[in-house]
Amino acid sequence: MYATVKLNEGRDKSLKRHHPWVFSKAVARVEGNAAAGDLVKVTDNIGNFLAWGFYSPSSQIRVRALSFKENELPDEKFIRDLVRSSCKRRDALVERGNEGVRLVASEGDLLPGLIVDRYGKFIVLSVSSQAMEHCRQFVLDELFELYPECSFYERSDTKARKKEGLSDRCGVIKGEEPPEVIYVLEGGQIRIPVEIPHGHKTGAYLDQRQSRIYLSTICRGKNVLNCFSYTGGFGLWALKGGAKSVVNVDVSGPALDAARHGVVENHLDPGRCRFIRDDVFEYLRKKVNEGVKYDVVVLDPPKFAESAATLKRACRGYQDIARLGFSLLSEGGRLLTFSCSGIVDQALFQKITADAALEAGVTAQIRAALRQDCDHTVSLPCPESFYLKGLDVEVL
């Protein structure tokens, strides 16, 4: 009934550890007919069962595994149970005053290729794998039951989707069309701008929630430079924390407009902040040449490393901006630097940052290690689900 994907000898170790990805080079052959999105059985080279997963002939990740028990098919009940339990685990975050919450975090919640974010009364779905494309209606049916009061919007327009042989799909699924910008409460104190229809990802970077709140605890009376600011979340929390001044820098005019409106929305002092539309690398170089100094610099760039082929160039990019950031800090200043590239692990990122400090001619120590917030869950056997790492580094 189901086609079998048989692996090459010695290529079964990761599946035995319940890692959900089967790469094309691990596949010896496919026995039976398997079309895109079909459920398949995965076995080792002598036919021992390893997992049930969904087939994707266009992708380097040829199968995404969901079940590792032969008697447990990833059927509608299986998928809906995973969605329900994932959503329920987020209740505590909502109770702590967060209207923006990631309900399902892809591999982190054992549903590879599925992102579900809630922004108040809007729920945004992003599907990026053949596996979740196959299960999409099961997911929606469960979400409709869990959140009958919400409107549903889809942002399935990622690069990963194209690699899976899937076309983009965006728009209203059910309910109201979201406005261009909405504001959702974060940490019970700040209303964060969210751009659902045309913003990055599903509309906001919820993974930086705890780091934004952390920033507010270290910037009272400080001059803060917020780079790659997008809609200004770090800047809003810096102002809330009593920063003397905040400069937000981003290349996107609409994102900066949302950030500017966010200051008004939160009844913060617009006289303490500026919004600069510029290439961040160029802006940092200009300020270094001008001898400008800040007390706190935040570097939250987009993903520099998409694959192993781009890793070396990405490391150089992270090192360059960190070097410039260090060069702009006054004595005792703090650099909050981040990488959302999953392929750059914590140890490598620390080395990159240390090399940047050396190049900048400063001595520094780590004050805190930062990471994605708890609703961006990490699956123990899938280290790639721990993608966002950061450092708070103090210049001595």
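Structure's up top.
Now for a description of the structure that goes with this document. Quick caveat: nothing in here was measured; it's all calculated off a predicted structure.

### Points about the sheet that holds strand β20 (residues 389-395)
And step 1. If you trace the seven strands from one edge of the open sheet to the other, you get β16-β15-β14-β17-β18-β20-β19, paired in mixed fashion. Looking at which strands have only one partner, the edges of the open sheet turn out to be β16 (273-277) and β19 (364-371). For this sheet, the mean inter-axis angle between neighbouring strands, taken without regard to orientation, is 15°.
And step 2. Relative to β20, strand β18 (residues 329-339) runs antiparallel, the two being bridged by six bridges. Paired with Leu335 across the bridge in β20 is Val393.
And step 3. The strands that helix α8 (residues 253-265) touches are β15 (245-250) and β16; relative to β16, the one it contacts most, it runs at about 170°.

### A word on α8
Residue pairs spaced three or four apart in an α-helix point in one direction, given the helix's 3.6 residues per turn.
And step 1. For α8, which comprises 13 residues, the first-to-last C-alpha distance of 18 Å matches the rise-based estimate of 18 Å (1.5 Å per residue) to within 8%.
And step 2. Within the sequence span of α8, burial applies to Gly253, Ala255, Leu256, Ala258, Ala259, Gly262 and Val263.
And step 3. The elements touched by buried residues of α8 are β12 (182-186), β13 (190-194), α7 (233-240), β15 and β16.
And step 4. Capping the start of α8, Ser252 holds a side-chain oxygen 3.1 Å from the backbone nitrogen of Ala255, two or three residues further along.
And step 5. Within two residues after α8, His267 carries a phi angle of roughly 55°, on the positive side.

### Some words on the sheet that holds strand β5 (residues 49-55)
And step 1. Overall, mixed pairing links the six strands, which are arranged β2-β6-β5-β4-β1-β3 in an open sheet. Two strands bound the open sheet, and with one partner strand each, they are β2 (21-23) and β3 (27-31). Strand-to-strand, the axes of this sheet are offset by a mean angle of 35°, without reference to chain direction.
And step 2. Summarising the sheet, strand β1 (residues 4-7) and β3 pair through four bridges and their orientation is antiparallel. Residue pairing in the sheet places Lys6 in a bridge with Arg29 of β3.
And step 3. Sitting on the sheet, helix α4 (residues 130-146) touches β5 and β6 (61-67), and the angle it makes with β5 is about 75°.

Rules used throughout
- Every chain's residues receive numbers from 1 upward, in the order its sequence appears when written.
- Reporting of local features is limited, given that this is a predicted model, to residues whose pLDDT is at least 70; pairs of side-chain atoms are given and counted only at 80 or more, and all residues count toward the totals for whole chains, interfaces and linings.
- For side-chain calculations, the full set of non-hydrogen atoms in the structure is used, while hydrogens and water are omitted.
- Any two strands between which DSSP finds at least two bridges are classified as paired.
- Counting from the N terminus, the helices are DSSP H or I runs at least four residues long and the strands are E runs at least two residues long.
- Simply put, an axis is a line fit to the C-alpha atoms, just over the touching stretch for a helix, and the angle between two N-to-C directions goes from 0 to 180 degrees.
- The contact criterion used throughout is that any non-hydrogen atoms of two residues lie within 4.5 Å.
- What a helix is expected to span follows from its residue count: subtract one and scale by 1.5 Å.
- The classification of residues rests on relative accessible area computed with a 1.4 Å probe and restricted to protein chains. Under 20% of the type maximum is buried, over 50% is exposed, and intermediate values are partly exposed.
- As used in this structure description, the phrase polar contact means that two N or O atoms lie within 3.5 Å; if the pair is within protein, one of them must be able to donate a hydrogen and the other to accept it, and residues adjacent in sequence are counted only when both atoms belong to side chains.

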